[in-house]
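If you want the building blocks of each chain, they are given just below.
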Amino acid sequence: MPPDGPQKGNSGGNAGGREIIFEYHPIGISVKVTAVDVETGLEVSVVGPSSAARSELERVAVNKLRYMLARQKSGGGKDEPDPEGGTGGGILV
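Every value quoted in this text rests on a predicted model; they were computed, and no experiment measured them. (Residues numbered from 1 in each chain as written. Predicted model: local features only at pLDDT ≥ 70, side-chain atom pairs only at ≥ 80, totals over all residues. Heavy atoms only, no water.)

A. Looking closely at the pairing of strand S2 (residues 19–27). Taken together, the 8 bridges between S2 and strand S3 (residues 30–37) define a ladder with antiparallel strand orientation. Pairing of Glu 23 across the sheet is with Thr 34, part of S3. The turn joining S2 and S3, which pair antiparallel and follow one another in sequence, is formed by 2 residues; a positive phi near 60° is taken by Gly 28. (Pairing = 2+ DSSP bridges. Helix = DSSP H or I, 4+ residues; strand = E, 2+ residues; numbered from the N terminus.)

What follows is the structure in structure tokens.
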């Protein structure tokens, strides 16, 4: 379990050879892990149980960061309009 209060650290995270900084924020029985790609400044967060292994939480955060980097590289960011005309704020029924 990570200690109380925010924790920062670079534990050698790697997403395709990129340097990643991890930050941990305990929230009750959960922990929010933020991963930041040093080169681009792209930041993603995941939430998991505080009882989970730190390596597992980092693995999930790195996978999400890889996904977002690939999405950003392909031009699929939030700036693109929804092809169905929605605003992205819900589900059309």
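B. A look at the packing of aromatic side chains. The final tally for this structure, using the stated rule, is 0 aromatic pairs. The ring of Tyr 24 has Arg 54 sitting right over it, with the charged end atom 4.1 Å from the ring centre. (Phe/Tyr/Trp six-rings, centres within 6.5 Å; stacked < 30°, edge-to-face > 60°. Lys NZ or Arg CZ within 6 Å of the ring centre and 35° of its normal.)

C. Seen up close, the side chain of Asp 37. Counting through the fold element by element, Asp 37 comes out in strand S3. Accessibility expressed as a relative area gives 0% for Asp 37, which makes it buried. Polar side-chain contacts of Asp 37 include one of 2.9 Å to the side chain of Arg 18. Once residues lying within four places of it in the same chain are set aside, the contact partners of Asp 37 are Arg 18, Glu 19, Leu 42, Leu 65 and Leu 69. (Buried < 20%, exposed > 50% of the residue type's maximum accessible area, 1.4 Å probe, protein only. Polar contact = N/O pair within 3.5 Å; in protein donor to acceptor, adjacent residues only side chain to side chain. Contact = heavy atoms within 4.5 Å.)

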